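Commentary on secondary and tertiary structure
Here is what each chain is made of, one letter per residue.
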Amino acid sequence: MTEIIQHLVDAAGLASLYALLALPVALVYGIMNLVNFAHGELIMIGAYGLFIFAAITLPLAAFLALVIVVLAALAMERAAFRPVRGSSPETLLVTSFAVSFLLQNAALMIFGSRPKSVETPSLFSQTVTIGGVHIEGVTILSVGLAVICIGGLVIFMKRTAFGMAMRAAAEDFTMARLVGIRANAVISGTFAISGVGAGVAAFILVVQGGSAFATMGLTPVIIAFVATMMGGLGSFSGALIGAALLGAGTVAFDVLLPTQLRSSREAFVYGAVLVVLLIRPQGLVPARRERV
Amino acid sequence: MQRLGTSLGKIQTPVLLTIVIAAISLLAPLGGLAMENRAIVMLINIALVVGLYSFAGLSGVLSFGHMSFMGIGAYTGALITIPLTAKSALLPELPSFIAHAEFSFPIAILIGGGVAAFVALVVSLPVARLPALAMSLALFAVLVIAYQVESNWNSVTRGRQALFGVPTGTTLGVALAVALLVIFFVYGYQESRFGLRLRASRENELAAAAIGVDVVRERRIALVLSGFVIGVAGVVYAQYLGVFTPNDFYLDVTFLTIAMLVIGGTRSLTGAVIGPILVAVLTYLLQRGETVTGPGLQQIGLALAMLAVLIFRPSGLSLGAELTISSLRSLVVRGRRRTPSAPASSAPAQLEVPDEN
Amino acid sequence: MLRVDSLEVRYGRLTALHGISFEVGSGECVGLIGANGAGKTTTLSAIAGVLTPAAGTIELEGAIVNREAPEAIVRRGVALVPEGRRIFTTLSVEENLRIGASIRGDDEIAADVERMMERFPVLRRYAGTHAGKLSGGEQQQLAIARALMSRPRLLLLDEPSLGLAPLMVDLVFDLVAQLREEGITILLVEQNGRRTVELADRTYVLASGSIVLTATGPEDLGEVERAYFGGDAAVEA
């Protein structure tokens with residue numbers, strides 16, 4: 001019993017992180033049909049931000065890093081994605097792929113290929129034990145931040161005029177413009193939100209891994225893609241369900257796989273996702289499509 | 001000249017491309033060994049990009065996963081060509097049917113391509129049924145899976161450690177022959193009934209389905225054929241390197257081949273051939289620049305070039321057109337008159353919603 | 001209010017409008033009728049900023065707005081009730097009304113929502129539910145109410161009676177008449193030629209991307225019918 005609870009706790013920690021990765025990607029896709037490969041590089045920028053400001057106190061460093069990521073997200077949209085706005089989803093995707101590669105190599109040029117270690121408070125590396133169940137500091141951090149961010153996002157989407165505009169734009173972008181919603185404002189706002197998500201995820205990943213490096217955005221972005229794809233591209237709740245299942249699946253494979261195969265855990269998880277897609281090609285929660 | 005075009009008829013595009021590539025291959029050795037090696041790499045890249053084009057270009061579905069077939073071809077080809085004694089020392093735990101297999105290079109090319117095609121077939125079972133964009137992402141997941149398997153299957157691939165002792169049979173001639181065969185093969189597919197149906201689904205998926213095109217089936221066929229071509233290129237590349245790791249078939253080459261295809265133009269075989277040629281030149285120049293700026297310029301320059309093409313010339317430098325005798329003529333005539341080139345996509349962008357100012 | 005001069009719109013190589021010209025004066029109700037594919041929706045889309053004209057001009061209160069974005073056109077006091085209604089199905093009925101006021105910053109929005117619910121009682125009944133659950137006629141009322149929320153001076157209506165039950169069609173045409181009484185300038189695109197000609201101050205007949213006839217009253221109906229497509233029953237529809 002304790003063992004099962006232990007696994008559930010671990011799964012909840014992973015699922016929270018994955019949700020923080022998948023939601024911004026799903027959000028941006030919903031608004032402008034862009035699957036943003038470079039979302040991973042926003043996380044990377046956040047991590048380097050933490051590295052640069054780590055000398056100051058951590059809360060301030062975290063805040064400054066967050067600001068930098070949001071600015072980077074806005075700049076990315078303005079410089080690379082606005083010129084190709086309205087192109088096919090494939091073109092948008094390949095553009096973001098180029099941006100991702102560009103930023104990765106720029107980071108390599110600036111910071112080198114060796115990871116930059118970032119000091120984080122020992123608080124997060126401690127483990128709490130309740131009734132035989134070990135809860136890592138990072139798990140608590142992930143779950144806490146995910147609850148705050150996702151809860152905040154839901155309230156923002158439901159209660160504010162901007163959130164309402166975003167929901168309208170996600171359903172029918174042209175009609176949203178026809179009632180006067182400014183396309184640039186909605187898209188910039190969405191990118192800013194995705195930047196916040198990336199910044200928060202960067203914080204968790206740095207606490208977890210202890211360092212920042214140029215290619216660190218890759219794994220998170222793959223996870224975000226797989227989760228959103230499994231949930232159904234463009235579906236907000238689908239992304240959450242996908243993230244939860246992916247977290248649970250990862251823990252399950254970790255437990256069930258023999259030791260020598262454990263290092264290929266991701267391969268098994270993604271393979272399982274492909275099998276899920278074999279049964280449900282549109283994902284678990286097919287998105288509501290815009291009427292023409 | 002016009003008559004030449006007519007008599008060559010439908011095969012003039014691959015013939016013209018052959019002339020271009022053969023000319024480069026003949027001239028390259030004059031520049032010394034380094035230049036010859038650049039030419040070999042360029043030819044292998046042409047095979048890879050044309051292979052990628054046979055799926056992504058013809059179907060309109062971008063793939064981030066095709067270099068997994070390159071890795072599969074490379075490992076397969078290497079494992080069945082490394083001399084037996086060396087192999088037993090290098091990989092003592094190899095399953096016996098591979099441990100005792102030793103084939104000649106041409107056979108290894110076919111087997112490598114065949115294994116890659118088979119994996120592509122398995123992959124296509126779930127993947128080909130997905131909506132286009134989800135398929136792009138799923139293929140990316142395939143790339144990650146292949147990379148992880150290669151990196152962790154120590155008894156067969158040596159994991160993250162380099163696999164070495166691979167015979168280096170790839171000469172300039174071999175690379176040229178393979179690149180040309182691939183071009184003719186893919187061109188034949190493109191012009192066949194299958195290729196036509198696939199292209200119809202690219203232009204309008206619903207309309208193609210309405211006239212009876214089984215889009216999933218056509219994409220599946222393309223996936224298997226492209227898997228074969230890229231597997232072949234993988235074998236050839238491995239026999240050029242002699243030593244490689246799973247990283248040689250992962251993100252860098254994925255980016256490189258996609259960049260080449262985008263720069264050349266995803267909508268024509270000509271684009272898939274000129275892309276690698278142009279990038280070879282660009283890379284050469286950027287590498288010279290790196291002596292001043294330090295490493296990284298090459299990748300950054302390539303990414304910027306790709307972004308510039310996507311923003312200013314989305315159909316690539318080939319503009320989606322094929323190289324033909326008449327297109328060459330009009331190019332020459334236009335050059336003489338010094339009129340600005342009128343791209344095929346000059347139709348006003350009517351459907352585009354004007355930007356907010 | 002609105003002056004369209006030699007407007008030409010193309011989709012790629014296909015020309016949808018061959019230089020049409022017409023005018024809508026302040027306070028007028030002008031009809032634009034024609035068969036499917038005649039170019040009616042294209043005309044409205046160009047005025048609303050969704051399509052960019054290839055040639056010609058669109059003038060709103062003296063300003064040329066050819067290249068302005070939809071969100072800028074709305075701010076000039078033009079609201080579109082699009083073909084197929086296109087209400088936001090994932091938003092509640094009330095949210096659909098509020099989003100109609102996106103360009104406004106005044107504090108009367110809530111009062112206007114209230115007024116709309118007064119005018120369209122069905123909207124009050126479903127205020128909190130997802131708009132996707134509404135029937136076709138109810139959605140049409142919502143779409144018109146949403147457009148009115150921006151307090152437009154010019155209202156563009158794209159086939160508001162399409163696909164509605166006869167009773168609903170009456171309701172929609174009565175509503176258009178009312179709105180004109182209230183001083184809103186109206187450009188009404190319809191397939192229902194007879195009712196449009198009866199209602200509007202002036203009706204242009206569009207065929208294959210050109211204006212072929214201008215009708216000023218019911219006495220022109222016979223001619224309209226012939227211009228339409230050889231006296232087809234569609235005018236009666």
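Here, the structure is the one placed above.
Summary of the structure given here. Remember, predicted model here, so these are calculated numbers, not experimental data.

About the criteria used
- Residue numbers here run from 1 along each chain, matching the order of that chain's written sequence.
- Key to labels: chains lettered from A, ligands numbered from 1, both in the order written.
- Confidence filtering applies because this is a predicted model: local features only for residues at pLDDT of at least 70, side-chain atom pairs given and counted only at 80 or more, and all residues used for totals across whole chains, interfaces and linings.
- Computation of side-chain values: all heavy atoms of the structure, hydrogens and water removed.
- By the criteria applied, helices consist of DSSP H or I runs no shorter than four residues and strands consist of E runs no shorter than two, each listed in order from the N terminus.
- Radius of gyration means the value over C-alpha atoms here, while the globule rule gives 2.2 Å times the residue count to the 0.38 power.
- Here the term buried applies to any residue with accessible area under 20% of the maximum for its type, exposed to any over 50%, and partly exposed to those in between, with areas from a 1.4 Å probe on protein chains only.
- Residue contacts are counted whenever heavy atoms from the two residues lie within 4.5 Å of one another.
- The protein chains shown are the only cover counted for residues, whose accessible areas, like all others here, come from Shrake-Rupley with a 1.4 Å probe.
- In this tally, Lys and Arg are treated as positive and Asp and Glu as negative; His is ignored, and so are the chain termini.
- For charged residues, the charge sits on one atom: NZ in Lys, CZ in Arg, CG in Asp, CD in Glu.
- Each of two parts loses accessible area, computed with a 1.4 Å probe, when they are put together; buried area is these two losses added.
- Every case where a carboxyl oxygen of Asp or Glu lies within 4 Å of a side-chain nitrogen of Lys or Arg is listed as a salt bridge.
- Contacts described as polar in this section are N or O atom pairs within 3.5 Å, which, within protein, must combine one atom able to donate a hydrogen with one able to accept it, while residues neighboring in sequence count only if both atoms come from side chains.
- All residues other than Ala, Val, Leu, Ile, Met, Phe, Trp, Tyr, Cys, Pro, Asp, Glu, Lys and Arg, Gly among them, are scored as polar; the first ten of these are nonpolar and the last four charged.
- Any two of the Phe, Tyr and Trp rings considered here, Trp counted by its six-membered ring, make a pair once their centres fall within 6.5 Å; the pair's planes then place it as stacked at under 30 degrees, edge-to-face at over 60, or tilted in between.
- In this analysis the charged atom, NZ for Lys or CZ for Arg, is taken to sit over a ring once it is within 6 Å of the ring centre and within 35 degrees of the ring normal.
- Strand pairing is assigned whenever DSSP detects at least two bridges linking the two strands.
- Throughout, an axis means a line fitted to C-alpha atoms (over the contacting stretch in the case of helices), and angles, computed between N-to-C directions, take values from 0 to 180 degrees.
- By definition, no residue in a patch forms a salt bridge, and every one has over 30% relative accessible area; like charges are joined within 9 Å, nonpolar side chains (Val, Leu, Ile, Met, Phe, Trp, Tyr) within 5 Å.
- What we call a nonpolar core is a set of buried Ala, Val, Leu, Ile, Met, Phe, Trp, Tyr and Cys residues that are connected through their side-chain atoms within 4.5 Å.
- By definition in this entry, angles of less than 35 degrees are roughly parallel, angles greater than 145 are roughly antiparallel, angles of 65 to 115 are roughly perpendicular, and the rest are oblique.

This paragraph deals with the overall build of chain A. Scanning chain A from N- to C-terminus turns up eleven helices and four strands. A compact globule built from 292 residues should have a C-alpha radius of gyration of about 19 Å, and chain A, at 19 Å, falls within 12% of that. If you line up chain A on its principal axes, its C-alpha atoms span 60 × 50 × 35 Å. The proportion of buried residues among the 292 residues of chain A is 56%. Across chain A, contacts joining residues at least 24 apart in sequence account for 75% of those joining residues at least 6 apart. Surface accessibility of chain A: about 11,700 Å² in total, with carbon and sulfur atoms responsible for 67%. Taking the average place of the 16 positive charges on the side chains of chain A and the average place of its 12 negative ones, the gap between the two points comes to 11 Å.

Turning our attention to the overall build of chain B. The number of helices and strands found in chain B is 17 helices and zero strands. Counting every position in chain B, which comprises 357 residues, the buried fraction comes to 52%. Contacts in chain B between residues far apart in sequence, at least 24 positions, make up 77% of those at least 6 positions apart. If you sum the accessible surface of chain B, you get close to 15,200 Å²; carbon and sulfur atoms cover 66% of it.

What follows covers the interface of chain C and chain A. At the junction of the two partners, chain C supplies 24 residues and chain A supplies 19 residues. Here chain C meets chain A over a buried area of about 2,100 Å², counting both sides, of which 57% is carbon and sulfur. Counting across the chain C and chain A interface gives three salt bridges. A salt bridge links Asp172 of chain A to Arg86 of chain C; its shortest N-O distance comes to 2.9 Å. Where chain C packs against chain A, one counts seven residue pairs in polar contact (both at pLDDT 80 or more). Secondary structure elements with two or more residues in the side of chain C that touches chain A: α2 (70-75), α3 (93-100) and α6 (136-148) of chain C. For the side of chain C that touches chain A, a count of residues per class yields twelve nonpolar, six polar and six charged.

Here we come to unusual backbone geometry. Most peptide bonds adopt trans geometry, and most residues besides glycine take a negative phi value. In this structure, Asn33 of chain A takes a positive phi of about 60 degrees despite not being glycine. Relative to the assigned elements, Asn33 of chain A resides in the loop between α1 (2-32) and α2 (39-53). With a relative accessible area of 30%, Asn33 of chain A lands in the partly exposed category. The phi torsion at Arg151 of chain C lies on the positive side, around 55 degrees, for a residue other than glycine.

Much of the literature gives interface size as the accessible area that the parts lose upon coming together. On the side of chain B, 46 residues touch chain A, which itself brings 46 residues to the contact. Together chain A and chain B conceal approximately 3,900 Å² of surface at their shared face, both sides included; 77% is due to carbon and sulfur atoms. Counting across the chain A and chain B interface gives zero salt bridges. For the interface between chain A and chain B, the tally reads three residue pairs in polar contact (both at pLDDT 80 or more). Elements with a contribution of two residues or more to the side of chain A that touches chain B: α3 (58-81), α4 (89-111), α8 (183-209), α9 (218-231) and α11 (265-279) of chain A. Sorting elements by how many residues they give to the side of chain A that touches chain B places α4 of chain A first, with 14 residues.

Another aspect to go through is the packing of aromatic side chains. The tally for this structure, following the rule as stated, stands at 22 aromatic pairs over all chains. Aromatic side chains Phe244 of chain B and Phe249 of chain B sit 5.4 Å apart centroid to centroid with 75 degrees between the ring planes, which places their arrangement in the edge-to-face category. Under the relative-accessibility criterion, Phe244 of chain B is labelled buried at 1%. Here the aromatic cluster, defined as three or more aromatic residues joined through ring pairs, consists of Phe37, Phe97, Phe101 and Phe225 of chain A together with Phe64, Phe140 and Phe255 of chain B. Stacked on the ring of Phe194 of chain B, the Lys or Arg Arg193 of chain B has its end atom at 5.4 Å from the ring centre.

Turning to the sheet that holds strand β6 (residues 78-81) of chain C, a few remarks are in order. All names here are of chain C. Ordered in space as β6-β7-β8-β3-β9-β10, the six strands form an open sheet in which the pairing is mixed. Edge positions in the sheet fall to β6 and β10 (210-215), since each of these pairs with one other strand and no more. Strand-to-strand, the axes of this sheet are offset by a mean angle of 20 degrees, without reference to chain direction. In the sheet, strand β7 (residues 154-158) pairs with strand β8 (residues 185-190) via five bridges, with the strands oriented parallel. Its bridge partner lying in β8, Leu154 is registered against Thr185. Each of β6 and β7 touches α6; the most contacted strand, β6, lies at about 170 degrees to it.

Now for a nonpolar patch on the surface. On the surface, Ile56, Leu60, Phe63, Val67, Leu71 and Leu74 of chain A cluster together into a nonpolar patch covering about 500 Å² of accessible area. Along the chain, the position of Val67 of chain A falls in helix α3.

Core analysis: the biggest nonpolar cluster contains 239 residues, and Ile46 of chain B together with Leu2 and Leu187 of chain C have the highest contact counts within it. Among the elements that take part in this core, helix α3 (residues 33-59) of chain B stands out by supplying 15 residues, more than any other. Those residues in contact with Ile46 of chain B, other than ones at most four positions away along the chain, are Ile21, Ala179, Ile183, Val273, Pro276 and Ile277 of chain B. If you look at the next biggest cluster of nonpolar residues, it comprises 38 residues, including Ile109, Leu155, Ile184 and Ala200 of chain C.

Residues that lie three or four places apart on an α-helix share one face, since the helix turns once every 3.6 residues. Counting buried residues along α3 of chain C, six of its eight residues qualify, which places the element largely inside the surrounding structure. Among the residues making up α3 of chain C, those that are buried are Val93, Glu95, Asn96, Leu97, Ile99 and Gly100 of chain C.

All names here are of chain C. Taken as a whole and assessed by the stated rule, the structure comprises 30 salt bridges over all chains. A salt bridge links Arg3 to Glu59; the nearest nitrogen and oxygen atoms lie 3.8 Å apart. In this pair, Arg3 is assigned in strand β1 (residues 2-11) and Glu59 in strand β4 (residues 55-60), connecting sequence segments 56 residues apart. Several salt bridges converge on common partners, so that one network encompasses Arg104, Asp106, Glu108, Asp112, Arg115 and Arg151.

It is worth spelling out the side chain of Glu190 of chain C at this point. Inspection of the secondary structure assignment puts Glu190 of chain C in strand β8. One polar contact links Glu190 of chain C to Ser161 of chain C, side chain to side chain, over a distance of 3.0 Å.

This next bit is on the side chain of Glu68 of chain C. In this fold, Glu68 of chain C is placed in the loop between β5 (63-64) and α2. A polar side-chain atom of Glu68 of chain C sits 2.8 Å from a polar atom in the side chain of Arg76 of chain C.

With that out of the way, let us pick up the pairing of β4 of chain C. Residues and elements named next belong to chain C. Here five bridges tie β1 to β4, and the two strands are oriented antiparallel to one another. Across the sheet, the residue bridging to Leu2 is Leu60, located in β4. What sits between β4 and β5 in their antiparallel hairpin is a turn of two residues, with Glu61 showing a positive phi close to 45 degrees.

All names here are of chain B. Where helix α2 (residues 12-27) contacts helix α15 (residues 269-293), the axes come no closer than 10 Å and their chain directions differ by 10 degrees. With respect to their mutual orientation, α2 and α15 come out roughly parallel. Between α2, through Thr13, Leu17, Val20, Ile21 and Ile24, and α15, the contact on the second element is made entirely by Leu269, Thr270, Val273 and Ile277. Among the residues making up the contact of α2 with α15, the classes are represented as seven nonpolar, two polar and no charged.

The pairing of strands in a sheet comes from backbone hydrogen bonds and takes either a parallel or an antiparallel form. All names here are of chain C. With antiparallel pairing, four strands are arranged side by side in an open sheet as β2-β1-β4-β5. The strands lining the two open edges of the sheet, one partner per strand, are β2 (14-24) and β5. For β4 and β5, the ladder comprises two bridges, and the chain directions are antiparallel. Opposite Leu60, over in β5, you have Ala63 as the bridge partner.

The next subject is the environment of Leu198 of chain B. Residues and elements named next belong to chain B. Among the structural elements, Leu198 can be located in helix α11 (residues 193-203). Sequence separation between Leu198 and Phe255 is 57 residues; the distance between their C-alpha atoms is 24 Å. Discounting chain neighbours no more than four positions away, the residues touching Leu198 are Ser54, Leu58, Ser59, Tyr189, Glu218, Arg219 and Ala222.

Residue and element names in this part refer to chain A. Where helix α5 (residues 137-159) meets α8, the axes come as close as 10 Å, and the angle between the chain directions of the two elements is 175 degrees. Taken together, the axes of α5 and α8 are roughly antiparallel relative to one another. Of α8, the residues touching α5 (which contributes Val138, Leu141, Ser142, Leu145, Cys149, Leu153 and Phe156) are Ile193, Val200, Phe203, Ile204, Val207 and Gln208.

As far as function goes, none of this settles anything; it's purely spatial.
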